[in-house]
Amino acid sequence: TSLTAWTNIGSGLTRSAPGNNRVYFFQFNNVLIGTDITNAPFSWGGTLSAGNAALLGGSPPTAELGFEWNGYAHLIRNATNRNRWYYSALGDQTSWPAANFIDVPSPFDGDPIMGYGFVYGNLIIYKRRSVYVVTGKTAADWKVDKINAAYGLCSVQATCSVENTSWYVTEQ
């Protein structure tokens, strides 16, 4: 058995220590995107020939979690705007128009976004004390509705979507 050396793909990527925050990853357009609540999102093309990881283009907001849904890259859990859900231009993770966000709900009710899930193609947004469903295929027709006003997600890692069911753990 031989050991192979690890290749540092982060050279040239300056990051401040995220403290106790974890780095989360998601894939969009065959690019790996990393997020944490402290630093700007970064991306990597997936192969050494694609080069090193670099800051994600287009000045996306800092956010703890990201995901792909309906052809958009999405970022949630921003430290400043805790109820804000950001989304990229359609099909382009390097374009983040300033107006591409939705406050869930608007105005902020003091209940921060904690996570997300998917059920039958719909996006589920978990807050600490409530749950919302987002229906529609494009940003122009997304509709946000509260589906649970009593129980929300207790922790960022306390949700899992499997076979059109989204499971989550509450504080209750």
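Each remark here, short or long, concerns the structure printed above.
Notes on the structure follow.

Observations concerning the sheet that holds strand β3 (residues 42-44)
Consideration 1: If you trace the four strands from one edge of the open sheet to the other, you get β1-β2-β3-β4, paired in antiparallel fashion. Only two strands of the sheet have a single neighbouring strand rather than two, namely β1 (24-28) and β4 (54-55).
Consideration 2: Sheet topology note: the β3/β4 ladder contains two bridges and is antiparallel. Paired with F42 across the bridge in β4 is L55.

Focus: the pairing of strand β10 (residues 122-127)
Side-chain positions along a regular strand alternate between the two faces of the sheet.
Consideration 1: Extensive coverage of β10 is indicated by the burial of five of its six residues.
Consideration 2: Pairing of strand β9 (residues 113-119) with β10, which is carried by six bridges, proceeds in the antiparallel orientation. Of the residues in β10, the one forming a bridge with V119 is N122.
Consideration 3: Counted between consecutive antiparallel strands, the loop separating β10 from strand β11 (residues 131-135) contains three residues.

Notes on the packing of aromatic side chains
Consideration 1: For the structure on display, the rule yields 13 aromatic pairs.
Consideration 2: Judged by centre distance (5.8 Å) and plane angle (90 degrees), the ring pair of Y72 and Y87 falls under edge-to-face. Within this pair, whereas Y72 is found in strand β6 (residues 72-76), its partner Y87 is found in strand β7 (residues 84-87), the two being separated by 15 residues in sequence.
Consideration 3: Its relative accessible area of 9% is what places Y87 among the buried residues.
Consideration 4: Among the aromatic side chains, those forming a connected cluster through ring pairs are W69, Y72, W85, Y87 and W142.
Consideration 5: In this structure, R84 packs its charged tip against the face of F101, placed 3.8 Å from the ring centre.

Concerning the environment of I33
Consideration 1: Looking at where I33 falls in the secondary structure, it is placed in strand β2 (residues 31-35).
Consideration 2: Spatially, the C-alpha atoms of I33 and L56 are 7.5 Å apart, while their sequence positions differ by 23 residues.
Consideration 3: Leave out the neighbours within four places in its chain, and I33 touches Y24, F25, F26, F28, P41, F42, S43, L56 and Q93.

Some words on a nonpolar patch on the surface
Consideration 1: A contiguous nonpolar surface patch, about 240 Å² in accessible area, is contributed by V23, F25 and L32.
Consideration 2: Of note, V23 is situated in the segment before β1.

Details of the nonpolar core
Consideration 1: Ranked by size, the top nonpolar core spans 16 residues in total, and within it W69, W85, L123, I125, V134 and W142 carry the most contacts.
Consideration 2: Counting residues per element, the ones that place at least two in this core are β5 (65-69), β6, β7, β10 and β11.
Consideration 3: Ranked by residues supplied to this core, first place goes to β5 with three residues.
Consideration 4: Leave out the neighbours within four places in its chain, and I125 touches W85, V104, I113, G115, S130, V131, Y132 and V134.
Consideration 5: Counting residues in hydrophobic clusters, the runner-up holds ten residues, among them F26, I33, L56 and W96.

Concerning the state of the cysteines
What is meant by a disulfide is a covalent connection between two cysteines, made through their sulfur atoms.
Consideration 1: Here the structure, examined in full by the defined rule, presents zero disulfides.
Consideration 2: The structure places no disulfide on C160, whose sulfur is separated from the nearest cysteine sulfur, that of C154, by 14 Å.

Here is what the cut-offs are and how they apply
- Residues numbered from 1 in each chain as written.
- Predicted model: local features only at pLDDT ≥ 70, side-chain atom pairs only at ≥ 80, totals over all residues.
- Heavy atoms only, no water.
- Pairing = 2+ DSSP bridges.
- Helix = DSSP H or I, 4+ residues; strand = E, 2+ residues; numbered from the N terminus.
- Buried < 20%, exposed > 50% of the residue type's maximum accessible area, 1.4 Å probe, protein only.
- Phe/Tyr/Trp six-rings, centres within 6.5 Å; stacked < 30°, edge-to-face > 60°.
- Lys NZ or Arg CZ within 6 Å of the ring centre and 35° of its normal.
- Contact = heavy atoms within 4.5 Å.
- Patch = residues over 30% accessible without salt bridge, like charges linked within 9 Å, V, L, I, M, F, W, Y side chains within 5 Å.
- Areas by Shrake-Rupley, 256 points an atom, 1.4 Å probe, with all protein chains shown as cover.
- Salt bridge = Lys/Arg side-chain N within 4 Å of Asp/Glu carboxyl O.
- Core = buried A, V, L, I, M, F, W, Y, C linked by side-chain atoms within 4.5 Å.
- Disulfide = S-S within 2.5 Å.

Purely geometric stuff here, so don't read any function into it on its own.
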